[in-house]
Amino acid sequence: MQADLNLLTVLDALLEEGSVMGAAQRLHLSSPAVSRTLGRIRKVTGDDILVRTGHSMTPTPYALGIREEVNRLVRQANAVLAPSRELDLAELDRTFTVQCHDALASSLVPVLVGRVAEQAPGVRLRVLAENSADTDDLRHGRVDLELGGGRPGLPEFRSETLGTDPLAVVMRTGHPCADHLDLPSYAAQPHVLVSRRGRLTAPIDDLLATEGLRRKVIASVATVHTALQIAAASDALVTTTTILCRPLIEAFGLLTRPLPVESPEAPVNCNWHQRYDSDLAHAWLRDQVRAALAEALAR
C-alpha cells in the first residue's frame, strides 16, 4: 500500500495540539476535515491516536512513541519542499570546475581565485583547459562553467556574454611590420592561428578575401601560449585578443599593433547547464566570474 504522506502533516498537528480543533486552526482547515483525516489515520495505523478523557483528548502510548519521529519527518519534508534561499559563504564547502582557454586562465583566474578565497574559504576551484572537441561535460555536471567565445545551441544550456575584447596583431620586437602594418603587409606575413580544433582559417580570412587578399598560415596551435612562443622566435603574426592576452604578451616581450581591418570584438561567454539556474552557490560563482572578468578587462 502506498502511504499518503499528507496524513503525516495532520498527524503532526494533532499530536502537537492535542485536539481536532487545535489542529484544524493550525492547518487552516475545518474541524470536520481534520476529524475525517484522523479517522483515516486510525484506519491506517490501527491505533486510536487520540482518545477522549472528559473534555480533552489524550494521546495513546503509540502516539506518544511516534510523536518526535512524526515531527522530524514533517520538518524534513518542509525543508525539501521549501529550501533555504540564503547562502552561507563561510560554511560553503564545494568544488567548482571551470573550463577555459589559457589566455582567460592567465588573466581572469588569478582574480577569480582571490575573490573566491576571500569570500568562501571552503570553496575550491578546478580550472581545466579547453578540449579539442565538444564534450558532454557541461551537460553531465563534470564542468560547472565553460568560459570562451562559443555559445551552446541547445535550449538546456544557458549562456551570458560577460564582455568583449578587441583583436590585435601580436609580433616580436624588431619585426619588419612593427612600424607600419597595413592590410597588404599583414596578409603577406606568415601567421599562426589559435584553434582548439586545429582549424587553419578564421573569420579574419573572410574579411581579407573581400579585399582580394589571402594570408599564409604556417601553423595552427591549441593555445595562445604556444602561438606567442612561435611569434617570439620568428616573423609569424598572431591575431588574438588584446586585453585578456596581455599577461602572456608581456611575458614574451611582444608588441601589439591594431588590426588593419575593422573586425568585431571577441565575446567572452559564460555557459552553464540549466540545472544550476536556481542553485544559490552556482549563481554566486557566476557573479564572481562576472566581477573578475570586469576587473580583468578594466586593467
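Since this is a predicted model, take the numbers as computed values, not measurements.

J.: Is there a simple way to explain the pairing of strand S2 (residues 56–59) in this structure?
T.: Put simply, side chains in a regular strand alternate between the two faces of the sheet. Relative to S2, strand S1 (residues 50–53) is paired through 4 bridges, and the arrangement is antiparallel. Bridging from a neighbouring strand, Leu-50 pairs with Pro-59 of S2.

J.: Would you explain helix H8 (residues 203–210) in this entry?
T.: What sets the pattern is the α-helix's 3.6 residues per turn: residues three or four places apart point alike. For H8, the full list of buried residues reads Ile-204, Asp-205 and Leu-208. The buried residues of H8 all sit within an arc of 100 degrees when viewed along its axis, so they share a single face. Opposite its buried face, H8 presents the exposed residues Pro-203, Asp-206 and Thr-210, each directed more than 90 degrees away. Residues of H8 that are buried in the fold lie against helix H7 (183–188).

J.: What am I meant to see in the sheet that holds strand S7 (residues 167–171) here?
T.: Either a parallel or an antiparallel arrangement is found when strands of a sheet pair, and the pairing is made through backbone hydrogen bonds. If you trace the 5 strands from one edge of the open sheet to the other, you get S9-S8-S10-S7-S11, paired in mixed fashion. One side of each edge strand has no neighbouring strand; the edge strands of this open sheet are strand S9 (216–221) and strand S11 (255–258). Ignoring which end each strand starts from, the neighbouring axes of this sheet average 35 degrees apart. Here S7 runs beside S11; their pairing, made up of 4 bridges, is antiparallel. Within the sheet, the bridge partner assigned to Met-171 lies in S11 and is Leu-255.

J.: Is there a simple way to think about the packing of aromatic side chains in this case?
T.: Each aromatic ring pair is characterised by the separation of its centres together with the angle its planes make. Counted under the stated rule, the structure contains 0 aromatic pairs. Directly above the aromatic system of Trp-272 lies the positively charged group of Arg-286, at a separation of 4.4 Å from the ring centroid.

J.: Help me out: how do you make sense of the state of the cysteines in this one?
T.: Among covalent bonds in proteins, the disulfide is the one between the sulfur atoms of two cysteines. Summed over the entire model, instances satisfying the criterion amount to 0 disulfides. Unpaired in this structure, Cys-270 has its nearest cysteine sulfur neighbour in Cys-100, at a distance of 11 Å.

J.: How do you make sense of the pairing of S9 when you look at a structure like this?
T.: Sheet analysis places strand S8 (residues 190–194) next to S9, joined by 5 bridges and oriented parallel. Its bridge partner lying in S9, Pro-190 is registered against Lys-216. Crossover connection from S8 via H8 to parallel S9: handedness right-handed.

J.: So what exactly am I meant to see when it comes to the side chain of Gln-288 here?
T.: In this structure, Gln-288 sits in helix H11 (residues 280–298). Overall, Gln-288 belongs to the buried group, its relative accessible area being 5%. Those residues in contact with Gln-288 that lie beyond four places of it in its chain are Leu-112, Arg-115 and Gln-119.

Definitions and limits used
Residues numbered from 1 in each chain as written. Predicted model: local features only at pLDDT ≥ 70, side-chain atom pairs only at ≥ 80, totals over all residues. Heavy atoms only, no water. Pairing = 2+ DSSP bridges. Helix = DSSP H or I, 4+ residues; strand = E, 2+ residues; numbered from the N terminus. Buried < 20%, exposed > 50% of the residue type's maximum accessible area, 1.4 Å probe, protein only. Arc of directions from axis to C-beta. Contact = heavy atoms within 4.5 Å. Axes fitted to C-alpha atoms, helices over the stretch in contact; angles between N-to-C directions. Phe/Tyr/Trp six-rings, centres within 6.5 Å; stacked < 30°, edge-to-face > 60°. Lys NZ or Arg CZ within 6 Å of the ring centre and 35° of its normal. Disulfide = S-S within 2.5 Å. Right-handed = clockwise from strand over helix to strand, strands pointing away.

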